[in-house]
Amino acid sequence: MNKVGQSEVRVDGYDKATGRTKYYEDRMPADALYVRIKHAEKAHAIVKSIDTEAAMKIPGVVKVLTCFDVPDIPFPTAGHPWSMDPGHQDVADRKLLNTHVRYWGDDIAVVIAENEVAANQGVRALTVEYEELPFVLDAQKAMEDGAPLLHEQYPNNILKHTSNRLGDYQNAIKEEGLIKVEGWYDTPTVQHCHIENHGCYAYEENGRIVVVASTQIPHIIRRVVGQALGRPWADIQVIKPYIGGGFGNKQDALYEPLCAWCSTQVGGRCVRIDCAREETFVSNRVRHAIRFHIISWLRKDGTIAARKVECFSNQGAYASHGHSIVAKGMGSFHQHYPCPNMECDSYTVYTNRPVAGAMRGYGMPQASFADESNIDECARAVGMEPMEFRRKNIMPQGYKDNFSGNVNYYDTYRECMKKGAEIIDYERKLKEYANDTGKIRRGIGMATFWYNTAVYPISLETSSNRMLLNLDGTVTMQCGETEIGQGADTAYAQMTAEALGLKSYKDVHVVSCQDTDITPTGLGAYASRQTYVAGFSIKQTAELLKEKILKYACEVTRQAVANMDIEDGNIIRKGDKQVLMSLKELAMTAQYNPVHSEHITAESTYTIRNNAYSFGCTFAEVEVDIEMCKTKLVRIVNVHDCGNLINPALAEAQVHGGMSMAIGYGLSEQLIFDEKTGKPLNNNLLDYKLSTFMDHPNLEAYFIENPEPTSPFGTKALGEPPACSGAPAIRNAILNATGVAINKNPINPHVLFAEFSKAGLINDPWTEKEEK
Amino acid sequence: MYDMKALYEAESVEHAIQLRLEHPEAQIIAGGSDVLVQMREGRRAGKELISIYMIDEMRGISIDKDENIRIGSLTSFSHITRDPIIQKYINVLGEAVDQVGSPQIRNIGTIGGNTCNGVTSADSASTLHAWEAIVELTGKNGVRRIPIKDFYIKAGTVDIHAEEGEIQTAILIPKTSYENTYGHYIKYGMRNAMEIASLGCSVNVRLSEDKRTIERARIAYGVAGPVPMRVPSAESVANGSVISESLLDEFALAVLNDINPRNSWRASRDFRLHIAVEMAKRCLAESIKRAGGVI
Amino acid sequence: MSQYKVVHCNINGKDVEKVVDVRASLTDMLRNEYHLTSVKKGCEVGECGACNVLIDGEAFNSCIYLAVWAEGKHIRTLEGLVGPNGELSDIQQAFIDETAIQCGFCTPGFIMTAVEILEANTLYTDDELRKLLSGHLCRCTGYENILRAVKKTMYRRLGKEIDF
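Residues numbered from 1 in each chain as written. Chains lettered and ligands numbered in written order. Predicted model: local features only at pLDDT ≥ 70, side-chain atom pairs only at ≥ 80, totals over all residues.

Participant: Residue-level account of the overall build of chain C, with values.
Facilitator: Scanning chain C for helices and strands turns up 5 helices and 5 strands. Taken over C-alpha atoms, the radius of gyration comes to 16 Å for chain C, in line with the 15 Å a tight globule of 164 residues would show. Summarising its shape, the C-alpha atoms of chain C cover approximately 60 × 30 × 25 Å along the three principal directions. Scored against the burial criterion, the 164 residues of chain C give a buried share of 61%. The contacts of chain C with a sequence gap of at least 6 include a subset with a gap of at least 24, amounting to 59%. (Helix = DSSP H or I, 4+ residues; strand = E, 2+ residues; numbered from the N terminus. Rg over C-alpha atoms; globule rule 2.2 N^0.38 Å. Buried ≥ 20, exposed ≤ 12 C-beta atoms within 10 Å, placed from the backbone. Contact = placed C-beta atoms within 7 Å.)

Here's what the structure looks like:
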């Protein structure tokens, strides 16, 4: 039986179901000192002084370190692969602690203490003198002349501006009879909200620094810690145990560099930094709030003549992943709905807000909201049914993107739409609901998304792998692509078993914990690349291991290597399927052979120079209570083509999680800031409206399995795609229900109240009276 | 580990009063779901606490000799919801506190704590106002009973004489209040669980024998002002009126004469006014239905 | 001037006692004194449910429960569901079988609330189950498979046909 394609239970299921799984805090040395961070309580300021005297007097406080004590080394934090090209390296714009405060929550000092109460008291006892500066929270306002400047070397706060031009937009729009559909679309600042906050601990050992961290990217963290401390990278050892989710927040160097440095300041003793939930919201990373301006020019037949897209991405205070995110978003427009004449510009802009970094979808939930809102309007403008308009204009089969080399090998979009529409009975409901005029109205909407797997050709794509044949015939496998909850280890076990011909995925022991001293160098978990990129190195390394096994087997069995294979954990003769020996016998023989002893192992690196499209769609059905300004999501269906499913049950589960994130993005989640001070107002799980168990209908996930030809296992991205099209589908369903087109998310009751009032669906006679 | 200066554990009501007199600066902690959170935030860091949580005599629901429903102040929300007396006579209170936070919060949160911290958004508060609950306080001079509307002084401040060692020991619902009375509570939240009310509305009615006329209607809000409040204007519209669709509208619009919600980042005044009217209407309609009336 | 107290209680079926700092939360006590690390910290203010344990049969967020209040109580954590030879309880097995576990961080808290639900021996509707489970936040699963795991186990325990 195939080892891939089966809904096997997770390899870490038992430990997680019993609570035995050890996360970073469960491995904490008992003598670790507590580091608590003093976060600035200004949105923009210069720290003039920090009085540490009172803090130092608190019993248990060991040391206080401030922004005036840190090495003068700016460093980058993004979890991107290193680039040998200096022009392509990430922006180094922050220090371990900063005297120039650039957002409310910036790190300006630390208190190191023997216990957490003393550390907290120490932080409260610090007195900071600031020179306040004007601040700016909005990306477009930050671009204006005279706006407060965050980083001197970036005039008008523009971290980067890139363009994409196709054909001749200016000329194309002169065509007679074109219909113009223009809109501004606003997406919010949201946070990852993995249930385990980020944390880490660090200590010195034999003159090197060991960092144990809740991270997605141990090998990259080693590099960044080395950079930030000015130490050779090999001086740093990073260990990544199981982590309680990441979603991109932990695809960044968060507090690992500061923690490592703090250890060096107390003689190499173990120190711990544990983010509180409030810090996770503000002083880790958030999703970029991106504002889009889209102008579409349509012909009466429903074809698109030209499109203009402007994207303004709110970077917050430091570069982190920077322009990569909006660049990915902008790059989707010409591919999603190919059009001969396009004029696209994107700007990434520093503002005095929390730092935006990677988050599940990497610019695509934002771009999908804008694009799919505008496309729905386009359909209305030419009098077409929205799905029909998409079928007419969306990327066709055979489309090739010249930059990435990606090819749309199948008619994925149309297949996914067809399946989703049938499941939810879209066409019938669309007509039925459009005529609904009651106080509580139903509506149905849909949206598609564009996504591509991994980061080639923008960045390096590499995967390394090590396989060891154990004495019992099982195989131990290690790679740098990390398990962060998504089920990667289970998929690896299945792929390894398949590639080697083992009896079961249970015969593969995936070393889940990455240790940069031991684990082959890999890049970590991001870009929905795990299964895709690890697949290449698994296949290659398995072939190497198999070659070694068969070579040794040849010595023992005297059968030609070419005549042998491995099936169900046995070495067989191909011609007659005769079992020659088990892998266990082979391993024991090889290891304990007094003449030729060999521990059979294999290791290899594969450089991936491919990328794969991964598309799909969402259908949403809503019930809108107009007077109460409430939307109830009644049904939601996602359909994905991520190639062959390695583990259908895990794939489905992963889609559920993405759908849930999309529901929050569409209806409730938003980090908000006080306009007067720049202070975040709702950085806790009560006031930040993550959807709860009661805010979801059943989540329905379906797949189209078109094998991806570039992957040895026929698979491609699934981690991020489910988070991309949910919000615009909900938005379009609300439009269908009420006739009101809402161009910002989340579409919460405040937004509905304002929009329904504007549209005349709500009439409060007393409002006018009161104003008088 | 909480930043707590000292913890004094009361073993009985008398002991709690004594501890209160001995440690006038100390904060009373019942279930702790507010106090501990504030302590962690730093707002109450370094303070002394008097824990009354272990005083089991302050738990439970009974009918006293005057036929009042008596709810011990430490009774948890989940126990109120599940209690047969509550379900029989004032089900709406059980439903209201069943919307507090989450199941775990409803197991730790107490009705005494919910009222003593004096916040307008407390899910129990509007219903207790609408049912004219009596607050029982016990101090060194014995028991003092005051109407709940007098208990709330201003946002975050309630009428407890700390200098007399007082603690809240019970909440009473008089028979005249609950007899033959049916009500409904709507909590307006931005999501369906783990919510603090943007607005809470509690209505109850007693109908005439033929179920055509409202004999007595009472309505109270949380978050429509700095403390929970009754809405006399709306009540006077409904009292003695014949049930009709238009009565619902008149009743609902009348709330605007009394309520005064504020603008905050959680919700605008206009938004709160808008939903207040709609909620009043829906609450009254449901209350009439529960009382056996037809609109 | 630290203040300590001996706290006697029953944890996972065993009578125990320890000297505890009165400032400790029950989470602190269970994790640090008893090494019950299934009790997770996700927010420390009772909003996420990761630290949930059963106290006298009811679910509580142990982060906002003082350790001294455990005096005389029966406390159950996820560790207590496992049999002497590592046998899983039906609900743990259902979480594995229904793919209700991803990162695993919310899992212990969820399972303990599920235990309280299942011990009520009541056939709840989906909406009721959603409400009973709503004290836990999960970012990985969208709650879907958790609902399936709890619902299937509830049906099995009540000897009913599973209605899906």
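After that view of the structure, there is still more to cover.
Participant: Break down the sheet that holds strand β21 (residues 564–567) of chain A for me, citing the residues and quoting the values.
Facilitator: Residue and element names in this part refer to chain A. Read from one edge to the other, the open sheet built from 3 strands follows the order β21-β22-β23, with strand pairing classed as antiparallel. Each edge of the sheet is formed by a strand with only one pairing partner; in this case those strands are β21 and β23 (578–582). Direction aside, neighbouring strands of the sheet carry axes that sit 35° apart on average. In this structure, β21 lies alongside strand β22 (residues 570–573), joined through 4 bridges in antiparallel fashion. Across the sheet, the residue bridging to Asp565 is Ile572, located in β22. (Pairing = 2+ DSSP bridges. Axes fitted to C-alpha atoms, helices over the stretch in contact; angles between N-to-C directions.)

Participant: Provide a residue-level description of the domain arrangement of chain B, including the pertinent values.
Facilitator: All names here are of chain B. Each domain of chain B was delimited in the assignment, giving domain 1 (4–51), domain 2 (56–176) and domain 3 (181–290). Between the C-alpha centres of domain 1 and domain 2 the distance comes to 19 Å. Contacts between the two partners involve 14 residues from domain 1, matched on the other side by 18 residues from domain 2. When residues in the side of domain 1 that touches domain 2 are grouped by element, the largest group, 6 residues, is from helix α1 (residues 13–22). Classifying every residue of the side of domain 1 that touches domain 2 gives 7 nonpolar, 5 polar and 2 charged. (Domains from an automatic or database assignment. Nonpolar A, V, L, I, M, F, W, Y, C, P; charged D, E, K, R; others polar.)

Participant: Please set out the domain arrangement of chain C residue by residue, giving values where relevant.
Facilitator: All names here are of chain C. What the domain assignment reports for chain C is domain 1 (4–78) and domain 2 (90–157). Summarising the inter-unit geometry, the C-alpha centres of domain 1 and domain 2 are found 21 Å apart. A per-element tally of the side of domain 1 that touches domain 2 places strand β3 (residues 52–55) first, with 3 residues. Split into classes, the residues belonging to the side of domain 1 that touches domain 2 amount to 8 nonpolar, 5 polar and 3 charged.

Participant: Can you tell me about the packing of helix α10 (residues 364–381) of chain A against helix α18 (residues 726–738) of chain A, naming the residues and giving the values?
Facilitator: All names here are of chain A. At their nearest, the axes of α10 and α18 sit 8 Å apart, and the two run at 30° to each other. Here α10 lies roughly parallel to α18, going by the angle between them. Handedness of the α10/α18 crossing: right-handed. For the pair α10 and α18, contact is made by Pro365, Ser368, Phe369, Glu372, Ser373 and Asp376 and by Ala727, Pro728, Arg731, Asn732 and Leu735, respectively. In terms of residue class, the contact of α10 with α18 is built from 5 nonpolar, 3 polar and 3 charged. (Parallel < 35°, antiparallel > 145°, perpendicular 65-115°, else oblique. Left-handed = near helix turned anticlockwise from the far one by under 90°.)

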